[in-house]
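Listed here are the chains, written in short residue letters.
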Amino acid sequence: MDKNKLALLKEEAIERNQEISEIFTIGGKVKCDSDSYDDIPKGSKGTVLKKTYSEYGCDLRVYFENLDIETWIDAGDMSSIDYI
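Residue positions within a chain follow its written sequence, with the count starting from 1. Predicted model: local features are reported for residues with pLDDT of at least 70 only, side-chain atom pairs are reported and counted for 80 or more only, and whole-chain, interface and lining totals are derived from all residues. Each side-chain value is worked out from all heavy atoms of the structure, with water and hydrogens disregarded.

Participant: Please give an account of the sheet that holds strand β2 (residues 45-54) that cites residues and values.
Facilitator: In space, the five strands of this open sheet follow the order β4-β3-β2-β1-β5, with antiparallel pairing throughout. Across the chains shown, the open sheet's two edge strands, defined by having one partner strand only, are β4 (69-74) and β5 (78-80). Taking each pair of neighbouring strands and ignoring which way they run, the sheet shows an average axis angle of 40°. Here, any two strands with at least 2 DSSP bridges between them count as paired. Helix numbering and strand numbering both begin at the N terminus, where a helix is a DSSP run of H or I of at least 4 residues and a strand a DSSP run of E of at least 2. As judged from the three bridges shared by strand β1 (residues 29-32) and β2, these two strands associate in the antiparallel manner. By the bridge assignment for β2, lysine 31 is matched with lysine 45. By definition, residues are in contact when any of their heavy atoms lie within 4.5 Å. Axis geometry follows a simple rule: fit a line to the C-alpha atoms, using only the stretch in contact for helices, then measure angles between N-to-C directions, giving values from 0 to 180 degrees. Where helix α1 (residues 3-23) meets the sheet, its contacts fall on β2, β3 (57-64) and β5, and the angle it forms with β2 comes to roughly 160°.

The following block contains the structure:
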């Protein structure tokens, strides 16, 4: 694969992950939609403290109040519940 194709794929991945990041707001409420975490049950609610994205994905720093856990979590495993 040539360098131009790789650069284009990287740029597309960054744009896609930026769009995912924009769904979430710092201070916004989120809900865990995944059951793949040992100490964070599916349906747990938390608050977004930080967010980051790159060509590799989008991550959120979330504080789960009821669990007293603060952790980085894949944004794809979360949904925004600010509208509720």
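This is not the end of the story, as more comes after the structure.
Participant: Just give me the short version of a negative patch on the surface, but keep the residues and values in it.
Facilitator: Taken together, Glu11, Glu12, Glu15, Glu19 and Glu22 make up a surface patch of like negative charges. Inspection of the secondary structure assignment puts glutamate 19 in helix α1. A relative accessible area of 55% means that glutamate 19 is categorised as exposed. To count toward a patch, a residue needs a relative accessible area over 30% and no salt bridge; like charges are then connected within 9 Å, while nonpolar side chains (Val, Leu, Ile, Met, Phe, Trp, Tyr) are connected within 5 Å. Where accessible areas are quoted, they stem from the Shrake-Rupley method and a 1.4 Å probe; at the residue level, only the protein chains shown are allowed to cover. By definition here, a salt bridge exists when the distance from a side-chain nitrogen of Lys or Arg to a carboxyl oxygen of Asp or Glu is within 4 Å. His residues and chain termini do not enter the charge count, which takes Lys and Arg as positive and Asp and Glu as negative. Every charge is mapped to an atom, namely NZ of Lys, CZ of Arg, CG of Asp or CD of Glu. Partly exposed describes any residue whose relative accessible area lies between the buried limit of under 20% and the exposed limit of over 50%, with all areas from a 1.4 Å probe on protein chains only and scaled to the type maximum.

Participant: Could you give an account of unusual backbone geometry, with specific residues and numbers?
Facilitator: Positive phi values are uncommon outside glycine, yet aspartate 68 reaches one of about 55°. Following the sequence through the fold, aspartate 68 ends up in the loop between β3 and β4. On the basis of relative accessible area, aspartate 68 is assigned to the exposed category, the value being 59%.

Geometric values such as these leave the question of function open.
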